[in-house]
Amino acid sequence: MKNILTIAMMCLFLQQVASARQNNVTQGEVISSLHDWGTYRVRFSTHVSTDFASLGTRGQDTSLTGNLLGTMRTECVGRSLTKQYMYACFLSIDQCRFPLPLSVQQSIQSLLGKGFYFSRTRQGLIDSVWLPGAITEAAEHVVIQLLEPFQWSLPASTRGEEPPVMTLSDGAVRAIFTKADTGACAKALQLDSLDWIPPVGQSGVLARRIEYQVGTRYCFDKEQVRSIEGQFIRKAKVNHKTITVLTNKYQYVLLTAGSDGHQSEARHISGYRRPLYYPGLLEQKLREQQLVRSQRMSVSGLLRLLKENELLQDVNRQDQLAEAVKICFIASKDSLTLFSAVFYAAPVNSITFKTLRTGIVTASTPYAQQVLRDFILLNRDSAEKLKKIIPSSGLVRNAQRMLQQQLETLAFDTANNESIVAASMLALGNIAGSIRTDDPKRSDSLTDYLGKVLRARGDDMLLLSVMGNCGTAVALPFILPLLTDADTTVRAYAYYALRFVQQPLVDATYAEALTAEQHPAILTNIFNALFLRTGNDILKGALLRLVEKANEPVRLEALQVLFEWSYREPALLTVFREVATSNSSEAVKKAARQFLARADE
């Protein structure tokens, strides 16, 4: 049966930009404090269900349940001005049932018995967890899920105070705590709601978000947690469709507590350190799986299959072989030079060339980029071959300077074929856009140089195409003047070229144009650009006015943009309910109803 961690993590961490694993081992960190401790009776159950069919995929849906019952001891092993360091372990485990192989369940019990450390801020929020290095991913997942409710925060003291940001395993959330009836407790809190905070820069065709249903009560005796009881239900949604529901139910009841009244002996906190939200873990597991797969691959065997598929012309086999080539490059397999030799020699219209090109570009490793650069060097005098490799070279991730410089020699050499120059500049624009977050100085420098060269050439459409790919604020001086060009085609494309530039000025420009511009081509380019942006109040207001007062085709296009934004801002669906009943256009009302039907589960 599938590992419950893999299913939950794959769904909850969909489309994440992941970071490398942080092996922040705190070797030599010695802490000590007054020895406060407590033992809790713990009941924990988890249930995950999936519905991949709602996305039209062929993934097999799953429904799995696990349970844990035992006695857990917690100890405060250190304090600082801002944090409290805790150790937790299970003294006994009466039940540990998960739909996993026996060896994996035993690994969970072993970790719970050995224990783990975590640090909690003075506000009550967990910021770090320390785990032994050699543990299964299932055991790690269970510990993190157990710790999620073991954090809290005092309610806001003033009406305007922002709710605290708390971290869960699937990201940052704004948590609303309120004071509750104390009953037999000295103090009680209620966790009323959690509001997911999307990761910065989240974009793409599939818009992911998490919705929570919570109801958890916390009771305290002075500073000691007396009980925690409730549940976290989270729905992972993609484009309004729920693909995963993870339900965790908790009960922590204090059995005994005390303080030895003296300084505990100094401890070393060791292991690897991670936050509760750890997207890098998924990327690491994916890489580990790719390395395992690569060990079963033979470069010579794949070359033989490539030769066979040249005759078969099987598209599905072509995709599979391209993926295998990518994995070989990522794993730095021996004999990769065999791939490059075949790649250099293959006819550019052959299946073999196209398969290798896809695998090399998607791998984007330094050696893969070296292969692309060398292909350009070897074929510098062949326009036919360069046309087949230059656009793909602009699609690599984390472009190396060596590849950028090789493309620059093609783009800025006036003796080159005009089509090669244009293709090279477009590829460089893509590179500038792809590195604008990780290497902004390099991106800005490249954008500025491209802009100056293209402006001197006088080719406005190529200038806009390249600057649009760059997508940085440095592109604005080259794009904005063309918004008033006499040529409607140029003016329309200038609006589209602003699509990736995340500046308030751009939003204001779009909002003003939605009111002032009447030409269909210009409005269509603006709508196409807005599909790729995140809505704000100014833009939403401009679009809503169009939905109410513009001609019917424009109303429908504006409504389409608002629905696209609703994937990331579900509250916008309220607008569609109003439009579906009150808009003066029957066609617009019908479209609103159709959009609502698509969002309905």
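To be clear, the structure that these remarks concern was listed above.
Counting restarts for each chain, with residues numbered from 1 along the sequence as it is written. Restriction of local features to residues with pLDDT of at least 70 applies here, the model being predicted, together with a cutoff of 80 or more for giving and counting side-chain atom pairs; totals for whole chains, interfaces and linings are based on all residues. Working from all heavy atoms in the structure, the side-chain values ignore hydrogens and water.

1. A look at the overall build of the protein
Then step 1. For the protein, the count of helices and strands is 22 helices and 14 strands.
Then step 2. Note on classification: 1.4 Å probe, protein chains only; a residue is buried when its accessible area is under 20% of the maximum for its type, exposed when over 50%, partly exposed between these limits. By residue count, 50% of the 601 residues in the protein fall in the buried class.
Then step 3. Throughout, a residue-residue contact means that at least one pair of heavy atoms, one from each residue, lies within 4.5 Å. Here the contacts in the protein between residues at least 6 apart in sequence split such that 67% fall between residues at least 24 apart.
Then step 4. Accessible surface area values rest on a Shrake-Rupley calculation with a 1.4 Å probe, where residue burial reflects the displayed protein chains alone. Entry remark: accessible area of the protein is about 27,800 Å², with carbon and sulfur atoms responsible for 52%. For the purposes of this entry, the term helix denotes a DSSP run of H or I that reaches at least four residues, the term strand denotes a run of E that reaches at least two, and both are numbered from the N terminus.

2. Focus on the pairing of strand 10 (residues 208-221)
Then step 1. In this analysis, strands are considered paired if DSSP registers two or more bridges between them. As judged from the six bridges shared by strand 9 (residues 187-196) and strand 10, these two strands associate in the antiparallel manner. The residue bridging Leu189 from the neighbouring strand is Tyr218, located in strand 10.
Then step 2. Sheet topology places strand 10 next to strand 11 (residues 224-238); 14 bridges connect them, and they run antiparallel. Bridging from a neighbouring strand, Glu211 pairs with Lys235 of strand 11.
Then step 3. Counted along the chain from strand 10 to the antiparallel partner strand 11, the turn is two residues long, and its residue Lys222 has a positive phi close to 55 degrees.

3. As for the environment of Arg234
Then step 1. Position of Arg234 among the secondary structure elements: in strand 11.
Then step 2. Measuring from C-alpha to C-alpha, the distance between Arg234 and Val245 comes to 5.8 Å, with eleven residues separating the pair along the chain.
Then step 3. A polar side-chain atom of Arg234 sits 3.1 Å from a polar atom in the side chain of Asp170. Pairs of N or O atoms are called polar contacts if they sit within 3.5 Å, as long as, within protein, a hydrogen donor faces a hydrogen acceptor (for residues adjacent in sequence, only side-chain-to-side-chain pairs).

4. Describing the packing of helix 9 (residues 366-378) against helix 10 (residues 383-393)
Then step 1. As a rule, the C-alpha atoms of each element are fitted with a line to give its axis, helices using only the stretch in contact, and angles between N-to-C directions run from 0 to 180 degrees. Interhelical geometry of helix 9 versus helix 10 gives an angle of 150 degrees and a closest axis separation of 10 Å. Taken together, the axis directions place helix 9 and helix 10 in an arrangement best described as roughly antiparallel. Between helix 9 and helix 10 lies a crossing of left-handed hand. For the pair helix 9 and helix 10, the contacting residues are Leu372, Phe375 and Ile376 in the first and Lys385, Leu386, Ile389 and Ser393 in the second.
Then step 2. Residues are grouped as follows: Ala, Val, Leu, Ile, Met, Phe, Trp, Tyr, Cys and Pro are nonpolar; Asp, Glu, Lys and Arg are charged; all remaining types, including Gly, are polar. When the residues that make up the contact of helix 9 with helix 10 are grouped by side-chain class, the tally is five nonpolar, one polar and one charged. Should an angle fall under 35 degrees it is taken as roughly parallel, and over 145 as roughly antiparallel, whereas 65 to 115 is taken as roughly perpendicular and any remaining angle as oblique. For any pair of crossing helices, the crossing counts as left-handed if the nearer helix is rotated counterclockwise from the farther one by less than a right angle, and right-handed if it is rotated clockwise.

5. So, helix 12 (residues 418-434)
Then step 1. A helix is expected to reach a length of 1.5 Å times the quantity of its residues less one. The terminal C-alpha atoms of helix 12 lie 25 Å apart, and with 17 residues this matches the ideal 24 Å at 1.5 Å per residue to within 8%.
Then step 2. Residues of helix 12 that are buried include every one of Ile420, Val421, Ala422, Ala423, Ser424, Met425, Ala427, Leu428, Gly429, Ile431, Ala432 and Gly433, and no others.
Then step 3. Where helix 12 is buried, its residues contact helix 10, helix 11 (401-411), helix 13 (440-457) and helix 14 (460-470).

6. Looking at the packing of helix 20 (residues 552-566) against helix 22 (residues 586-599)
Then step 1. One way to put it is that helix 20 packs onto helix 22 with a least axis distance of 10 Å and a crossing angle of 20 degrees. Judged by the angle between their axes, helix 20 and helix 22 are roughly parallel. Here helix 20 and helix 22 pass one another in a crossing that is right-handed. Contacts from Glu552, Arg555, Leu556, Leu559, Gln560 and Phe563 of helix 20 reach helix 22 at Ala587, Val588, Ala591, Ala592, Phe595, Arg598 and Ala599.
Then step 2. For the contact of helix 20 with helix 22, the class distribution of residues is nine nonpolar, one polar and three charged.

7. What about the pairing of strand 3 (residues 63-79)?
Then step 1. Here strand 3 lies mainly inside the structure; 13 of its 17 residues are buried.
Then step 2. As judged from the twelve bridges shared by strand 3 and strand 4 (residues 83-97), these two strands associate in the antiparallel manner. Its bridge partner being in strand 4, Gly78 is matched across the sheet by Tyr85.
Then step 3. Adjacent in sequence and paired antiparallel, strand 3 and strand 4 are bridged by three residues.

8. Comments concerning the pattern of salt bridges
Then step 1. Here, a salt bridge means any Lys or Arg side-chain nitrogen found within 4 Å of an Asp or Glu carboxyl oxygen. A complete count under the given rule lists 20 salt bridges for this structure.
Then step 2. Across the pair Arg209 and Glu211 runs a salt bridge, and its minimum N-O distance is 2.8 Å.
Then step 3. Given the relative accessible area of 8%, Arg209 is considered buried.
Then step 4. Among the ionic contacts, a cluster of salt bridges with common partners joins Glu148, Asp170 and Arg234.

9. Observations concerning helix 11
Then step 1. Restricting attention to buried positions, one finds in helix 11 the residues Leu403, Gln404, Gln406, Leu407, Leu410 and Ala411. Down the axis, helix 11 shows its buried residues gathered within 160 degrees of arc, on one side only.
Then step 2. Where helix 11 is buried, its residues touch helix 9, helix 10, helix 12 and helix 13. Taking the helix axis as origin, the arc is that swept by the directions to the C-beta atoms.

10. Topic: the packing of aromatic side chains
Then step 1. Two rings from Phe, Tyr or Trp (for Trp, the six-membered ring) form a pair when their centres are within 6.5 Å of each other. A pair whose planes differ by under 30 degrees is stacked, one over 60 is edge-to-face, and the rest are tilted. Evaluation of the coordinates by the stated rule reveals 25 aromatic pairs.
Then step 2. Their ring planes at 65 degrees and their centres at 6.2 Å tell us that Phe150 and Trp152 sit as a pair that is edge-to-face.
Then step 3. Aromatic pair Phe343 and Tyr344: ring centres 6.3 Å apart, planes at 45 degrees, arrangement tilted.
Then step 4. One aromatic cluster is present, built from ring pairs that chain together Tyr40, Phe118, Phe150, Trp152, Phe177, Tyr218, Phe220 and Tyr252.

11. Some remarks on unusual backbone geometry
Then step 1. Of note, Gln313 is a non-glycine position whose phi angle comes to about 55 degrees, a positive value.
Then step 2. The topology assignment puts Gln313 in the loop between helix 5 (299-312) and helix 6 (315-330).
Then step 3. Of note in this structure, Asn398 is not a glycine but carries a positive phi near 50 degrees.
Then step 4. Mapped onto the elements of the fold, Asn398 is located in the loop between helix 10 and helix 11.

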